[in-house]
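This is what each chain is made of:
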Amino acid sequence: MSIAAPPQTQATGRLGEIIALAQSLYEDIAFKAVADWKAKDKTRRAIGFLPVYVPREVIHAAGGLPVGIMGGGDMTEIVRGDSYFQSYICHLPRSVIELLVSGRLDSMDGFLFPSICDVIRNLSGMFKLLKPDRYVHYFDLPQNFRSNLGGTFYVSELKSVAGAVSAMTGTPVTDERLRESIKVYNANSRAMNALLELRIEKPWLVPAAEYYLLLRAGFLLPVDEHTAMLNEYTLLVQQSDRRALDNIRVMVRGAFCEQPPVALLRTLERAGCYLVDDDFVVGSRFIPDPIAETGNPWDALADAFMHHSLPAASVYDEKHEKAKKLVDRVREVRADGVLLMAPSFCDPALLDQPMLQEALEQAGIPFTSFKYSEDTGQFQVIREQAGTFADAIKLWGTV
Amino acid sequence: MTTAIKDASQDRQKTMIAEHFGKLSRAKEDGRKVVYTFVPGNLTELLLNFDLLPVLPEINALQSGMRGKTGDYIQLAEKSGHSEDVCTYVKADIGMLKSGNIGPTGEKLPDPDLLLLSYTGCFTFLKWFELLREEYDCPVVMLHVPYQGDGKITGEMRDYVVGQIRDVLIPELEKLSGKKFDEDRLREDLKRSAKAEDDLVWVLESAKHKPSPIDAYFGGVYYIGPIFTSFRGTEDAVDYYQLLRGEIEERLAQGLGPITPDGVMEEEKYRIVVEGPPNWTSFREFWKMFHSEGAVVVASSYTKVGGLYDRGFRHDPDDPIGTLADYSMGCYTNLNLPDRIDLLEKYITDYDADGFLINSVKSCNSFSAGQLLILRELEKRTGRAGGFIESDLVDPRYFSAANIKNRLESYFQMIEAKRTKG
Ligand code: SF4
Ligand code: SF4
């Protein structure tokens, strides 16, 4: 049996415009928005970064535009990318290479590859070979969390990025400028949190696909514009007449790097699941609390990453608290169950999964797991699986 | 000559390994502490300093693979929720653990007293020990080794690693063992490491001769055994490499080719450089596909995962902690892709190889991601024959003998064709 949910009402008016803008940015796989931004001033520079997290504040403080490169999604036809990767490697790097060799990343003046896995790591070397004229840097995030060790190392990495971007823009990253950037991103994170809170409270007001598109917009737009967009959306959506459906509340984990297609998110909702918390585009809100706006800003960024970031499969769980944090979060967002959805061949996510499953089992929290790829086009199986999961929880409170 | 592989050095190594596993099986009754850690960039001399006994899960996995056990182990791990997509070393290890943790000598391996997570060149190591931590009630100590993303070891990277060894690792190891760190002893052990490393380099570089007296991949994995694992810094390792060097000197003097499981290789027809790890479940069959065709591997990247000694690195007794840091950051899998290509290109030239071959293993993103670009670049730069085969380390489901054999045969034909063309 399936308790079908009616489709969401299409947003109209200003709300509709915001969503349409976010959708068009999402579809902008040639990064035209970046080229347009640069065209306004010849000295402007854009720095592309791969998942999961880079401190965008540093790029911003150097006068650059940080741009998230989240893969080609289901909109990029892979013509040459497949010839760079074996079949058993996840999909994201092949679409990123496709974007590169087809010239769609030409508006980027540099690239940062955060240290999250061996694939992204080696992709940085491929970029060095394929784009020798660009700044390509493997951004090594610390796995030791003492301020005099990992912290010092991290600050040296931050300063190296700051130096490289400043050399392109001519704007040195002073402490003053960096503190200003931290403030600007704190405002963005407040807006993000407000939206997230609203979604937790009233998920029918914030459909997963819209939420996701808004997050993605933040990886392309200048930060002020994005903050304004979030605030306006959050206000307008509360005035809308969207009604609650008989859906279960689920939390998603495992989708922190290669992103699921938006159609998959809609499918999950149509199958009866409200997504009340997830790790999509997690780098956009990796540090949920405000970062210190006074004092040494470099240390503040280091402290934020080392002690106040969200758990991720790519960061060593030094305190052995991943399981507890997962369960706590399920309770906090009052999720009925968890969807462990990971990209195929994603080592960090898939190696994490047995530990997450164990934690959920022990806590008696229902979960189901499946794999996807950014270009998955068939959702029938996932729809049935999610539908059955939702039905079982509605009927029996468990699976 | 079926016993050919069992040179005196080979016997010596076997004895060393047997003794080590003997110590491990008695560890608890002898009151010795056991540390699980990984091969690339490991800190063997430091563990020796505290009389700690290392266990290397990758070595267990590969030995289980050679003994035909990993098919079952992997399936067991997959049944218990591990994805079919991930590294099979991890699953072989988890499966072995779930089957009683019986080591290669048939004795049960002791549980770890500490998991020393020094992860050079692979993120899976991090997840691997997070997973093992769920099974054992013991602490984990992390040594984060930064990657040579920009092709160099910077002062900041070095300070970071040195700082972690000094301020985190050493105090933890002191606490675990109840012994004080003995820097003089470390210097002495490092001298022995460097001595053995000299001989290993001599052995590996003997493949520059024609015919090569060694196979630097299939034979090479035996040669690197002691130095990559638990013996670096010991007298045993020094003796082993002296013995090995003596044997190779003799073979060189006699103009002999490499020893294979089927005897001395007669005619050296093809000289190949290989990138990527071997397959362990069908190791001999795989090797035979080469030696039966007269193909000898003259250099390989896999034999550099535990140190690029042939590029000049030696453990330096005058800078005991700094040298451990340099070592851990200098292994092959910690090189960025452009440097890996430069190195392979140099091997092809220096060893006068007819071509190069990539064995792309499904398990290992660290090695495999980017290998198709490596192939293209090397073909472009050297003009020599490039080959590409796919298998896995320890998952027998991914070793398709017929397919690999076909590909190799066409590959050797390609070399012939290039020769004829001049
Ligand atoms: S999807 Fe997973 S394996 Fe692929 S690049 Fe991202 S983190 Fe790495
Ligand atoms: S991914 Fe590769 S280097 Fe890492 S543990 Fe597996 S086989 Fe070893």
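Presented here is an overview of the structure given in this document. (Residues numbered from 1 in each chain as written. Chains lettered and ligands numbered in written order. Predicted model: local features only at pLDDT ≥ 70, side-chain atom pairs only at ≥ 80, totals over all residues. Heavy atoms only, no water.)

The next subject is the overall build of chain A. A count of helical and extended segments in chain A gives 14 helices and 8 strands. A compact globule built from 399 residues would reach a C-alpha radius of gyration of about 21 Å, and chain A, at 20 Å, matches this within 12%. With respect to the three principal axes, the spread of C-alpha positions in chain A is 60 × 45 × 45 Å. Residues classed as buried in chain A amount to 63% of the 399 residues present. For chain A, the proportion of contacts with a sequence separation of at least 24, taken over those separated by at least 6, is 76%. Carbon together with sulfur atoms contributes 51% to the accessible area of chain A, which is approximately 14500 Å² in total. Positive and negative side-chain charges in chain A, numbering 41 and 50 respectively, have mean positions lying 3 Å apart. (Helix = DSSP H or I, 4+ residues; strand = E, 2+ residues; numbered from the N terminus. Rg over C-alpha atoms; globule rule 2.2 N^0.38 Å. Buried < 20%, exposed > 50% of the residue type's maximum accessible area, 1.4 Å probe, protein only. Contact = heavy atoms within 4.5 Å. Areas by Shrake-Rupley, 256 points an atom, 1.4 Å probe, with all protein chains shown as cover. Lys, Arg positive; Asp, Glu negative; His and termini not counted. Charge placed at Lys NZ, Arg CZ, Asp CG, Glu CD.)

Before going further, it helps to spend a moment on the sheet that holds strand S7 (residues 270-275) of chain B. Residue and element names in this part refer to chain B. On the basis of which strands lie adjacent, the open sheet formed by 4 strands has the order S8-S7-S9-S10 and parallel pairing. One side of each edge strand has no neighbouring strand; the edge strands of this open sheet are strand S8 (295-300) and strand S10 (385-391). The sheet shows a mean angle of 30° between the axes of neighbouring strands, direction not considered. Set on the sheet, helix H15 (residues 337-350) makes contact with S7, S8 and strand S9 (355-361); between it and S7 the angle comes to about 165°. Along the sheet face, helix H17 (residues 371-382) touches S7, S9 and S10 and points at about 180° away from the line of S9. (Pairing = 2+ DSSP bridges. Axes fitted to C-alpha atoms, helices over the stretch in contact; angles between N-to-C directions.)

What follows concerns the interface of chain A and chain B. Each side of the interface is counted separately: chain A has 50 residues, and chain B has 58 residues. A combined buried area of about 4600 Å² lies between chain A and chain B, and 59% of that area is made up of carbon and sulfur atoms. Of all residues in chain A, the largest losses of buried area upon contact with chain B belong to A:Tyr88, A:Tyr316 and A:Leu351, amounting jointly to 15% of the total for that side. Seen at the junction of chain A and chain B, the total is 6 salt bridges. At 9 residues, the largest contribution of residues to the side of chain A that touches chain B is made by helix H5 (residues 118-130) of chain A. (Buried area = accessible area lost by both parts, 1.4 Å probe. Salt bridge = Lys/Arg side-chain N within 4 Å of Asp/Glu carboxyl O.)

What follows concerns helix H9 (residues 183-205) of chain B. Residues and elements named next belong to chain B. Taking 1.5 Å per residue as the helical rise, H9 with its 23 residues ought to reach 33 Å, and the 32 Å between its terminal C-alpha atoms agrees with that figure. Of the residues making up H9, those classed as buried are Leu-186, Asp-189, Leu-190, Ser-193, Ala-194, Ala-196, Glu-197, Asp-199, Leu-200, Val-201, Val-203 and Leu-204. Structurally, H9 contributes buried residues whose contacts are with helix H3 (44-49), helix H10 (220-223), helix H11 (225-228), helix H12 (235-253), S8 and helix H14 (320-330). A side-chain oxygen of the first residue of H9 lies 3.2 Å from the backbone nitrogen of Asp-184; this N-cap is Asp-182. (Expected span 1.5 Å × (residues − 1). Polar contact = N/O pair within 3.5 Å; in protein donor to acceptor, adjacent residues only side chain to side chain.)

What follows is about the site of ligand 2. All names here are of chain B. Taken together, Cys-87, Tyr-89, Cys-122, Thr-124, Phe-125, Trp-128, Ser-363, Cys-364 and Leu-393 are the residues near ligand 2. Per-element tally for the shell around ligand 2: the top contributor is helix H7 (residues 124-135), with 3 residues. Its residues assigned to classes, the shell around ligand 2 shows 7 nonpolar, 2 polar and no charged. (Near = heavy atom within 4 Å. Nonpolar A, V, L, I, M, F, W, Y, C, P; charged D, E, K, R; others polar.)

This next bit is on the sheet that holds strand S8 (residues 367-372) of chain A. All names here are of chain A. Read from one edge of the open sheet, 4 strands run S6-S5-S7-S8, paired in parallel fashion. Unpaired on one side and paired on the other, strand S6 (273-277) and S8 mark the two borders of the sheet. Going across the sheet, the axis of each strand differs from the next one's by a mean of 35°, ignoring polarity. Relative to strand S7 (residues 337-343), strand S5 (residues 248-253) is paired through 4 bridges, and the arrangement is parallel. By the bridge assignment, Arg-253 is partnered in S7 with Leu-340. Together, S6, S7 and S8 form the strand contacts of helix H10 (residues 262-270), whose direction differs from that of S6 by roughly 115°. The strands touched by helix H13 (residues 347-363) within the sheet are S5, S7 and S8, with S7 carrying the most contacts at an inclination of about 170°.

To continue, consider helix H5 (residues 70-79) of chain B. Residues and elements named next belong to chain B. Of the positions making up H5, those classed as buried are Thr-70, Gly-71, Tyr-73, Ile-74, Ala-77 and Glu-78. Down the axis of H5, the buried set is contained in an arc of 165°. They therefore lie on one face. Exposed positions of H5 whose direction lies more than 90 degrees from the buried face are Asp-72 and Lys-79. Elements that come into contact with the buried residues of H5 comprise helix H4 (57-66) and helix H6 (88-98). Phi turns positive one or two residues past the end of H5, at Gly-81, with a value near 110°. (Arc of directions from axis to C-beta.)

Taken as a whole and judged by the stated rule, the model has 40 aromatic pairs over all chains. Here A:Tyr26 and A:Tyr212 contribute two aromatic rings whose centre-to-centre distance is 6.1 Å and whose plane-to-plane angle is 75°, an arrangement assigned as edge-to-face. Of this pair, A:Tyr26 sits in helix H1 (residues 13-26) while A:Tyr212 sits in helix H8 (residues 208-217), and the two are 186 residues apart along the sequence. We classify A:Tyr26 as buried; its relative accessible area is 8%. Between the aromatic rings of B:Phe218 and B:Phe283, the centroid separation amounts to 5.7 Å while the plane-to-plane angle is 65°, which identifies the pairing as edge-to-face. (Phe/Tyr/Trp six-rings, centres within 6.5 Å; stacked < 30°, edge-to-face > 60°.)

This brings us to the pattern of salt bridges. Tallied over the entire structure, the rule returns 68 salt bridges over all chains. The salt bridge involving A:Asp352 is made with A:Lys322; its shortest N-O contact spans 2.7 Å. Taken together, the residues A:Asp352 in helix H13 and A:Lys322 in helix H12 (residues 322-332) connect sequence positions 30 residues apart. Here the salt bridges do not stand alone but share partners, grouping B:Asp51, B:Lys179, B:Arg185, B:Asp189, B:Arg192 and B:Glu235 into one network.

Another aspect to go through is the environment of B:Glu135. Tracing the backbone shows B:Glu135 in helix H7. The contacts of B:Glu135, once residues within four sequence positions are left out, are B:Leu97 and B:Lys98.

Take the site of ligand 1 next. All names here are of chain A. Close to ligand 1 lie Cys-90, Ile-116, Cys-117, Val-119, Ile-120, Cys-257, Glu-258, Phe-345, Cys-346, Asp-347 and Pro-348. At the level of elements, H5 and H13 are the ones that each hand at least two residues to the shell around ligand 1. Considering only residue class, the shell around ligand 1 consists of 9 nonpolar, no polar and 2 charged.

Right, let's get into unusual backbone geometry. Residue and element names in this part refer to chain A. That bond from Pro-51 to Val-52 is cis: its omega, 15°, falls within 30 degrees of zero. Mapped onto the fold, Val-52 is located in the loop between strand S1 (45-49) and helix H3 (56-61). We note that Val-281 has phi near 45°; this positive angle belongs to a residue other than glycine. Looking at where Val-281 falls in the secondary structure, it is placed in the loop between S6 and helix H11 (297-308). Classification of Val-281 as buried rests on a relative accessible area of 1%. Within the chain, Arg-334 stands out as a residue other than glycine whose phi angle is a positive 55°. By the element assignment, Arg-334 lies in the loop between H12 and S7. Its relative accessible area of 42% is what places Arg-334 among the partly exposed residues.

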